[in-house]
Amino acid sequence: MNIFKALQNGVAITSKPLFRLMSNLPKAAEEGELDKLYKIVELELKGHDPAVLKSFVKFATTAGNHLDIKSTTWDLRKPIHDRRSVLKSVHIYKKHQVQYETRTYFSFIQYKHVTGSTADTLLEYVERNLPEGVALKATKVELQALPEHLKSP
């Protein structure tokens, strides 16, 4: 049925079923429930290449800036070194050893005063663009109202 003919005939057209099919939002967000508020959303990034971490931190902060979210970044000055000594031969010869070392670098991004839907959108976007060799740990601090039994009379 053509939309213009439907409007002339007085048929009501709603886009709600189409909206639900096209979006990934939960039903609660569509029906007008209150959105969660987060005081801080912190991302902890681990990786073995400091250049990749620096580039991804710049990408994530730029993504936050496009959504009008204030962010701060910092990183640990010294990486964590993990050294292992292994024998060259499987059987004997203790004096012939090889040493392996891995360095793990850390970076942190902190977004402040974020709503729940914006945090979900930002985290999904950042997770989808996470480069290889980088681990991400997200921590959220939610703001909640005081319970009734703790409020003053």
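As annotated in an unreviewed UniProt entry, the protein is Small ribosomal subunit protein uS10m from Zophobas morio. The Subcellular location (unreviewed entry) field of the UniProt record for the protein holds the comment "Mitochondrion".

A. The packing of aromatic side chains, seen in detail. Tallying each qualifying case throughout the model produces three aromatic pairs. Geometrically, the ring pair formed by F59 and Y125 is tilted, given 5.6 Å between the ring centres and 35° between the ring planes. Here Y125 lies in helix α5 (residues 116-128) and F59 lies in helix α4 (residues 50-66), a separation of 66 residues in the sequence. Judged by its relative accessible area of 27%, F59 falls in the partly exposed class. Centroid distance W74 to F108: 5.4 Å. Interplanar angle 15°. Geometry classified as stacked. A residue pair is termed long-range when its members are at least 10 positions apart, and W74 in strand β2 (residues 70-75) and F108 in strand β4 (residues 97-115) qualify at 34 residues. Members of the aromatic cluster, each reached through a chain of ring pairs, are F56, F59 and Y125.

B. Quick look at the layout of surface pockets. Empty space within the second largest pocket amounts to approximately 240 Å³. Looking at the lining of the second largest pocket, the elements with two or more residues in it are α4, β2 and β4. Broken down by element, the lining of the second largest pocket gets its largest block of residues, five residues, from α4. Across the lining of the second largest pocket, the residue classes break down as eight nonpolar, two polar and four charged.

C. Seen up close, the nonpolar core. Counting 19 residues, the largest nonpolar core has V41, L45, I109 and Y111 as its most contacted members. Broken down by element, the residue count for this core peaks at five residues, all from α4. Not counting residues up to four positions away in its chain, the partners in contact with V41 are I109, Q110, Y111, V114, A119, L123, T139 and K140.

D. Spatial organisation of unusual backbone geometry. Look at D68: it is not a glycine, yet its phi comes out positive at around 60°. Among the structural elements, D68 can be located in the loop between α4 and β2. On the basis of relative accessibility, which here comes to 73%, the residue D68 falls in the exposed class. The phi angle at H113 is positive, at roughly 55°, despite the residue not being glycine. Tracing the backbone through its elements, the reader meets H113 in strand β4.

E. Broad picture of α4. Here α4 contains 17 residues, and its C-alpha end-to-end distance of 24 Å stays within 8% of the 24 Å for a straight helix at 1.5 Å per residue. Residues of α4 that are buried make contact with β1 (37-47), β2, β4, α5 and β5 (134-143). Two residues or fewer after α4 comes D68, characterised by a positive phi angle close to 60°.

Rules and cut-offs
- Every chain's residues receive numbers from 1 upward, in the order its sequence appears when written.
- For a predicted model such as this one, the threshold for reporting local features is a pLDDT of at least 70, and the threshold for listing and counting side-chain atom pairs is 80 or more; totals across whole chains, interfaces and linings nevertheless cover every residue.
- The side-chain quantities take in all heavy atoms of the structure and omit both hydrogens and water.
- UniProt positions are given in the numbering used here, feature names are shortened, and annotations may be inferred rather than shown by experiment.
- Under the pairing criterion, centres of Phe, Tyr and Trp rings, with the six-membered ring standing for Trp, must be within 6.5 Å; the plane angle then separates stacked pairs below 30 degrees from edge-to-face pairs above 60, leaving the rest tilted.
- Helix and strand definitions here come from DSSP, where helices need a minimum of 4 consecutive H or I residues and strands a minimum of 2 consecutive E residues; each element is numbered from the N-terminal end.
- The cut-offs for exposure are 20% and 50% of the maximum accessible area for each residue type, with area from a 1.4 Å probe on protein chains only; residues under the lower value are buried, those over the upper are exposed, and the others partly exposed.
- Here a cavity denotes grid points, spaced 1 Å and computed from the protein atoms alone, that fit a 1.4 Å probe unable to get out, and a pocket denotes an open set having protein on both sides within 12 Å along at least 5 of 7 lines; residues with an atom within 4 Å of a point are the lining.
- Grid points are joined across faces, edges and corners, and a volume is the space filled by probe spheres set on the points.
- For this classification, Asp, Glu, Lys and Arg are treated as charged, while Ala, Val, Leu, Ile, Met, Phe, Trp, Tyr, Cys and Pro are nonpolar and the rest, including Gly, are polar.
- Here, the term nonpolar core denotes a set of buried Ala, Val, Leu, Ile, Met, Phe, Trp, Tyr and Cys residues that are joined through side-chain atoms within 4.5 Å.
- The contact definition used throughout considers only heavy atoms, calling two residues in contact when any of these lie within 4.5 Å.
- One less than the number of residues in a helix, times 1.5 Å, gives the span that helix is expected to have.

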